[in-house]
Amino acid sequence: MGHHVLPGNPPVELSLRRSPRARRISLRVSGLDGRVTLTLPRGVPEAEALDFARTKVDWLRAQLAQRPVTVAVTHGLELPLEGQVMRIVQGTGRRVVSDGTTLHVPGDPDTAGARLEGWLKARARDRLAAASDHYAGLLGQGYSRITLRDTRSRWGSCSSSGALSYSWRLIMAPPEVLDYVAAHEVAHLAEMNHSPAFWAVVSRLMPGYGTQRAWLRREGGALHRYRFND
């Protein structure tokens, strides 16, 4: 439906969405990227919904103030890699090198974010393919392909044709969290739902997965704060 800005300090940008299923006007602040969505039921005038949003503007600003600030990735920044905090420094040669505590990124500082993103994606693909192969082997199921995306709404998905898709930002999370998402999506090869039968498959593939699931819900949103490209 479009966008609207509530004036003030700071201004609050709203995305307006009309939903035939909505029973009432609602406001939602995304935990991943801080986007504010104003949902209108069928037949509710836009002006009425905006009046509702104006009564909630102080609450909206408080919600947005609690969110992690977006940071541009460049030399000197600390960044998580497989759950370990790494400092980004100027590297030599042609490749990104990790020594366990430091990421050496060569080239122009202005391109450090883009170069590091490419390196992280390649590492994520290797780890996610290995984890998917492992859990698919345990399950005795095959998948058709793996795709990496930068999805904000979900960490992974599995299509009915057996195609797996993952957020490459999982490479920043602890390895067992990445493994949990792979186990979760591979479990969908057997159960394309979130029924008790599905969760039983996940539990068989990764006993005690609840710890990893809780980490993602608690900490996962912060992985989206890192901006690799302007």
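Bear in mind that the values here come from a model prediction, so they are computed numbers and not experimental data.

## Topic: the pattern of salt bridges
Then, in step 1: Per the counting criterion, the structure on display carries 7 salt bridges.
Then, in step 2: In this structure, the salt-bridge partner of arginine 54 is aspartate 51, at a minimum N-O distance of 2.7 Å. With arginine 54 and aspartate 51 both in helix 1 (residues 46-55) and 3 residues apart, the pair spans about one turn of that helix.
Then, in step 3: Judged by relative accessible area, arginine 54 falls into the partly exposed class, the value being 42%.
Then, in step 4: Two residues, glutamate 117 and lysine 121, come together in a salt bridge whose shortest N-O distance is 2.9 Å. Taken as a pair, glutamate 117 and lysine 121 lie in helix 3 (residues 112-139) at a separation of 4 residues, close to a single helical turn.

## Notes on the domain arrangement of the chain
Then, in step 1: Domain boundaries in the chain define domain 1 (2-66) and domain 2 (72-227).
Then, in step 2: The centre of domain 1, based on its C-alpha atoms, is set 31 Å off from the matching centre of domain 2.

## Remarks on the packing of helix 3 against helix 5 (residues 196-205)
Then, in step 1: The interhelical angle for the contact between helix 3 and helix 5, taken along N-to-C directions, is 110 degrees, at an axis separation of 10 Å. Overall, the two elements helix 3 and helix 5 adopt an arrangement that is roughly perpendicular. The chirality of how helix 3 crosses helix 5 is right-handed. From helix 3, Tyr135, Leu138 and Leu139 reach across to helix 5, where they touch Val201, Arg204 and Leu205.
Then, in step 2: Its residues placed into classes, the contact of helix 3 with helix 5 shows 5 nonpolar, no polar and 1 charged.

## Overview of the sheet that holds strand 1 (residues 2-6)
Then, in step 1: Spatial strand order, 1-2-4-3: 4 strands in an open sheet with mixed pairing. Taken across any chain shown, the strands that pair with only one partner, and hence form the sheet edges, are strand 1 and strand 3 (26-29). Across the sheet, the mean angle separating the axes of adjacent strands is 30 degrees when strand polarity is ignored.
Then, in step 2: The pairing of strand 1 with strand 2 (residues 12-19) spans 5 bridges and is classified as antiparallel.

## Notes on the packing of helix 4 (residues 175-187) against helix 6 (residues 210-219)
Then, in step 1: Helix 6 packs onto helix 4 with a crossing angle of 100 degrees between their chain directions and a minimal axis gap of 9 Å. Considered as vectors, helix 4 and helix 6 are oriented roughly perpendicular to each other. Contact residues: helix 4 offers Glu176, Val177, Tyr180 and Val181, while helix 6 offers Gln212, Arg213, Trp215 and Leu216.

## With respect to helix 4
Quick reminder: α-helices carry 3.6 residues per turn. Residues three or four places apart thus point the same way.
Then, in step 1: The end-to-end C-alpha separation of helix 4 is 18 Å, in line with the 18 Å expected for 13 residues at 1.5 Å each.
Then, in step 2: When you tally the buried positions in helix 4, you get 11 out of 13 residues, the bulk of the element.
Then, in step 3: Where helix 4 is buried, its residues contact helix 3, strand 11 (156-158), strand 12 (163-167), helix 5 and helix 6.

## Things to note about the environment of alanine 222
Then, in step 1: Considering the arrangement of structural elements, one finds alanine 222 in the loop between helix 6 and strand 13 (226-227).
Then, in step 2: The exposure class of alanine 222 is partly exposed, given its relative accessible area of 29%.
Then, in step 3: Alanine 222 sits 152 residues away from threonine 70 along the chain, and the two C-alpha atoms are 9.0 Å apart.

## Here's the deal with helix 5
Then, in step 1: Phe198, Trp199, Val201, Val202 and Leu205 are the residues of helix 5 that are buried. Down the axis of helix 5, the smallest arc covering the buried residues is 150 degrees, so these residues share one side. Projecting away from the buried face of helix 5 at angles above 90 degrees are the exposed residues Pro196 and Arg204.
Then, in step 2: Buried positions along helix 5 lie against helix 3, helix 4 and helix 6.

Calculation rules
- Residues numbered from 1 in each chain as written.
- Predicted model: local features only at pLDDT ≥ 70, side-chain atom pairs only at ≥ 80, totals over all residues.
- Heavy atoms only, no water.
- Salt bridge = Lys/Arg side-chain N within 4 Å of Asp/Glu carboxyl O.
- Helix = DSSP H or I, 4+ residues; strand = E, 2+ residues; numbered from the N terminus.
- Buried < 20%, exposed > 50% of the residue type's maximum accessible area, 1.4 Å probe, protein only.
- Domains from an automatic or database assignment.
- Axes fitted to C-alpha atoms, helices over the stretch in contact; angles between N-to-C directions.
- Parallel < 35°, antiparallel > 145°, perpendicular 65-115°, else oblique.
- Left-handed = near helix turned anticlockwise from the far one by under 90°.
- Contact = heavy atoms within 4.5 Å.
- Nonpolar A, V, L, I, M, F, W, Y, C, P; charged D, E, K, R; others polar.
- Pairing = 2+ DSSP bridges.
- Expected span 1.5 Å × (residues − 1).
- Arc of directions from axis to C-beta.

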